[in-house]
Amino acid sequence: MSQNIINARVTFRNSPIHVLEQFTIKDIENAYEQFINHSDLDECVIIQTCNRIELFGKSHQYDLEKIKKTWASITGLEVEVFNENVEFEENQEAIHHLLKLTSGLDSMVIGEEQILGQIKNSITSARKTKASGQHLNTLFDKAIRIGTRIRNSSGIGKGGISVGSMAVKLAEENIDELKTKKVLLIGTGEVSTLVAKSLQRRGYAFDVTSRTIGRSITFCETMGGRPVKFEEVLTGFNNYDVLFVATTAPYFLVTHERLTKAMSNNKKGMMILDLSNPRTVDEKVATIGGVKLMNLDQIAEMVEKNMNARLNKVKSIENIINEEVSVLEASMKRLEAEPLVKDVFKNIESLREKELQKALQMLDEKDEKKIKIIEELTKAVVESIVSTPMNNIRKASEQGNPDIVELAGKLFDYKKQKKAD
Ligand SMILES: NC(=O)c1ccc[n+]([C@@H]2O[C@H](COP(=O)([O-])OP(=O)(O)OC[C@H]3O[C@@H](n4cnc5c(N)ncnc54)[C@H](OP(=O)(O)O)[C@@H]3O)[C@@H](O)[C@H]2O)c1
């Protein structure tokens, strides 16, 4: 492939939550600009979720060191940290990884739905900022379609396992008589919905809070729970025994100071499950007597224990992915010939049109029927001469022969244009 598809990633698989969160990119738009300008990438897409920060890129000649350096400068981290945490793949392996992502195979909760929506959002935002172009747009569109098809045909997402249900299970395993405890859910987003669903299903009562009481009320109308005011909660953690925290707040909501105060109120114990990344519970609260703090790392362990049914489907999905990778790779390679083929067809069409008009003028032909016959003749001649070489150029590209495509470019005097959508 003369154009390379690359993937550089830090995920929950090789980095615990306190390391992973350091790689978070805060200003995605600026990051796109930095990667395009300083990493020899001419297209890129960033996927950022609670479990992963990933960069997909397209480049004729990429430089991994430049990618790490740029990422380091965006996050303020040392380049060395990237050597320990970043996984890197190119071409076939990068495409394979993207298909694992869209089909849910690389998720912490295998088959979970959220990642597909997050990938759709990523490519939409890359398109909007023009960070992605023809190659990555095509790759992502196809990978999303394939992932959706795999999910539907395999039923991998069925069975009620989610980050939310695993968090509730973790609470059940660590707290005696959870039904008698006061439970609070902080956040009203996607993850909170999953937690609330699970609490409801298992018959637990819970309070819900969010920055605006209106959001909490609406949430509780559909998901159950009792809405409570945010300000009251922040100063009254002592009223609760279990906290589920799932917000995107860029700072700690459950601070050491607030918790120390709460625990000094004759409280025996409290369990806090922080599902956020970056975390919104200060890890120092774990040092307060009676406080048990858990985060996505422990949820990942719980997921692993509960994955048997889904794991049985993984092998057959892997087989489908392996077949799809070669088809997808061939389409990517074929794309490289498309601008040239398009250009040749366009030039020949304009030549044909010009010569046709000249001939019709010389003949002074007015008969529409005859004009149509002559026009069709010119089209047929052009088609029969050009089709075979153009298809062969496409085939050469598909089979990974960039030299032939390059030679054809020279023969047809084709000037490469920059990124086209
Ligand atoms: N989506 C997943 O698959 C997944 C899985 C595991 C963990 N996580 C992590 O879980 C957390 C929540 O994710 P999500 O998908 O549920 O996000 P989401 O749907 O965007 O919801 C975000 C929630 O955070 C609240 N929030 C934002 N800024 C806040 C602030 N400054 N103070 C208080 N509340 C604030 C929002 O409240 P408002 O309505 O007031 O804005 C909203 O309730 C994230 O850290 C994410 O990384 C996500």
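Residues numbered from 1 in each chain as written. Predicted model: local features only at pLDDT ≥ 70, side-chain atom pairs only at ≥ 80, totals over all residues. Heavy atoms only, no water.

Each helix and strand counted, the protein chain has 17 helices and ten strands in total. Relative to the globule expectation of 22 Å for 421 residues, the C-alpha radius of gyration of the protein chain, 28 Å, shows a markedly less compact shape. Projected onto the principal axes, the alpha-carbon positions of the protein chain cover approximately 105 × 50 × 40 Å. With 421 residues in all, the protein chain has 49% of them scored as buried. A separation threshold of at least 6 residues defines the contact pool for the protein chain, and within that pool the share at least 24 residues apart is 71%. (Helix = DSSP H or I, 4+ residues; strand = E, 2+ residues; numbered from the N terminus. Rg over C-alpha atoms; globule rule 2.2 N^0.38 Å. Buried < 20%, exposed > 50% of the residue type's maximum accessible area, 1.4 Å probe, protein only. Contact = heavy atoms within 4.5 Å.)

On to the pattern of salt bridges. Within the structure shown, the criterion is met by 26 salt bridges. Through salt bridges with shared partners, one network takes in Arg13, Arg52, Glu54 and Asp106. (Salt bridge = Lys/Arg side-chain N within 4 Å of Asp/Glu carboxyl O.)

The sheet built from six strands is open, its strands ordered 7-6-5-8-9-10 with parallel pairing. Where the open sheet ends on each side, the last strands, each with one partner, are strand 7 (226–227) and strand 10 (291–294). Pairing of strand 8 (residues 242–245) with strand 9 (residues 270–274), which is carried by four bridges, proceeds in the parallel orientation. Within the sheet, the bridge partner assigned to Phe244 lies in strand 9 and is Leu273. The strands touched by helix 9 (residues 190–201) are strand 5 (183–186) and strand 8; relative to strand 5, the strand with the most contacts, the crossing angle is about 155 degrees. (Pairing = 2+ DSSP bridges. Axes fitted to C-alpha atoms, helices over the stretch in contact; angles between N-to-C directions.)

Let us look at the sheet that holds strand 1 (residues 4–11). Read across the sheet, four strands follow the order 2-3-1-4 without closing on themselves; strand pairing throughout is antiparallel. Each edge of the open sheet carries a strand with a single partner, namely strand 2 (43–49) and strand 4 (87–90). Across the sheet, the mean angle separating the axes of adjacent strands is 15 degrees when strand polarity is ignored. Across four bridges, strand 1 lies against strand 4 in antiparallel orientation. Looking at the pairing, Ile6 lines up with Glu90 of strand 4. Sheet strands touched by helix 2 (residues 28–38): strand 2 and strand 3 (52–59). Its angle to strand 2, the strand with the most contacts, is close to 140 degrees. Contacts from helix 5 (residues 91–103) reach strand 1, strand 2, strand 3 and strand 4, with the element oriented near 140 degrees to strand 3.

Looking now at helix 15 (residues 338–363). Taking 1.5 Å as the rise per residue, helix 15 with 26 residues should run 38 Å; its terminal C-alpha atoms sit 37 Å apart, in good agreement. If you check which residues of helix 15 are buried, you get Glu338, Leu340, Val341, Asp343, Val344, Arg352, Leu356 and Leu360. Elements that come into contact with the buried residues of helix 15 comprise helix 14 (308–335), helix 16 (368–398) and helix 17 (402–411). Following helix 15 by one or two positions, Asp364 adopts a phi angle in the positive range, close to 50 degrees. (Expected span 1.5 Å × (residues − 1).)

Tracing the backbone through its elements, the reader meets Thr378 in helix 16. A distance of 2.9 Å separates a polar atom in the side chain of Thr378 from a polar atom in the side chain of Arg352. Dropping the residues within four chain positions of it, Thr378 is found in contact with Arg352 and Leu356. (Polar contact = N/O pair within 3.5 Å; in protein donor to acceptor, adjacent residues only side chain to side chain.)

On any regular strand, side chains alternate: one points to one face of the sheet, the next to the other face. Side chains Val183 and Leu185 project from strand 5 onto one buried face, and the interleaved Leu184 and Ile186 project onto a second face that is buried too. Two strands pair when backbone bridges link them, and strand 5 and strand 8 are joined in this way by four bridges, in the parallel orientation. Its bridge partner being in strand 8, Val183 is matched across the sheet by Val242. Looking at chain direction, strand 5 and strand 6 (residues 207–209) are connected through three bridges and run parallel. Residue pairing in the sheet places Leu184 in a bridge with Asp207 of strand 6. Read as a crossover between parallel neighbours, the route from strand 5 over helix 9 to strand 6 is right-handed. (Right-handed = clockwise from strand over helix to strand, strands pointing away.)

Taken together, 23 residues lie near the ligand, and Cys50, Thr188, Val191, Arg211 and Arg215 sit nearest. Between Gly189 and the ligand, the recorded distance is 3.4 Å, taken from a backbone N or O atom to an oxygen atom. Interatomic distance of 3.1 Å between a backbone N/O atom of Thr248 and an oxygen atom of the ligand. For the shell around the ligand, the secondary structure elements donating two or more residues are helix 6 (114–128) and helix 9. Residue composition of the shell around the ligand, by class: ten nonpolar, ten polar and three charged. Here the shell around the ligand spans two domains, and each of domain 1 (4–159 + 316–332) and domain 2 (163–305) adds at least three residues to it. (Near = heavy atom within 4 Å. Nonpolar A, V, L, I, M, F, W, Y, C, P; charged D, E, K, R; others polar. Domains from an automatic or database assignment.)

The full count for this structure, using the stated rule, is six aromatic pairs. With a centroid separation of 4.9 Å and 80 degrees between ring planes, the pair formed by Phe23 and Phe82 is classed as edge-to-face. A residue pair is termed long-range when its members are at least 10 positions apart, and Phe23 in the loop between helix 1 (17–20) and helix 2 and Phe82 in helix 4 (residues 79–85) qualify at 59 residues. When sorted by exposure, Phe23 lands in the same class as Phe82, which is buried. (Phe/Tyr/Trp six-rings, centres within 6.5 Å; stacked < 30°, edge-to-face > 60°.)

Our focus in this paragraph is the packing of helix 5 against helix 14. Relative placement of two packed helices is described by the angle separating their axes and the distance separating the axes. Direction vectors running N to C along helix 5 and helix 14 enclose 130 degrees, while the axes themselves pass 9 Å from each other. When the axes of helix 5 and helix 14 are compared, the pair comes out oblique. For the pair helix 5 and helix 14, the sense of crossing is right-handed. Residues Gln92, Ile95, His96, Leu99, Lys100 and Ser103 of helix 5 touch helix 14, and the partners they reach there are Ile317, Glu318, Ile321, Asn322, Glu324, Val325, Leu328, Glu329 and Met332. Along the lines of polarity and charge, the residues of the contact of helix 5 with helix 14 split into seven nonpolar, four polar and four charged. (Parallel < 35°, antiparallel > 145°, perpendicular 65-115°, else oblique. Left-handed = near helix turned anticlockwise from the far one by under 90°.)

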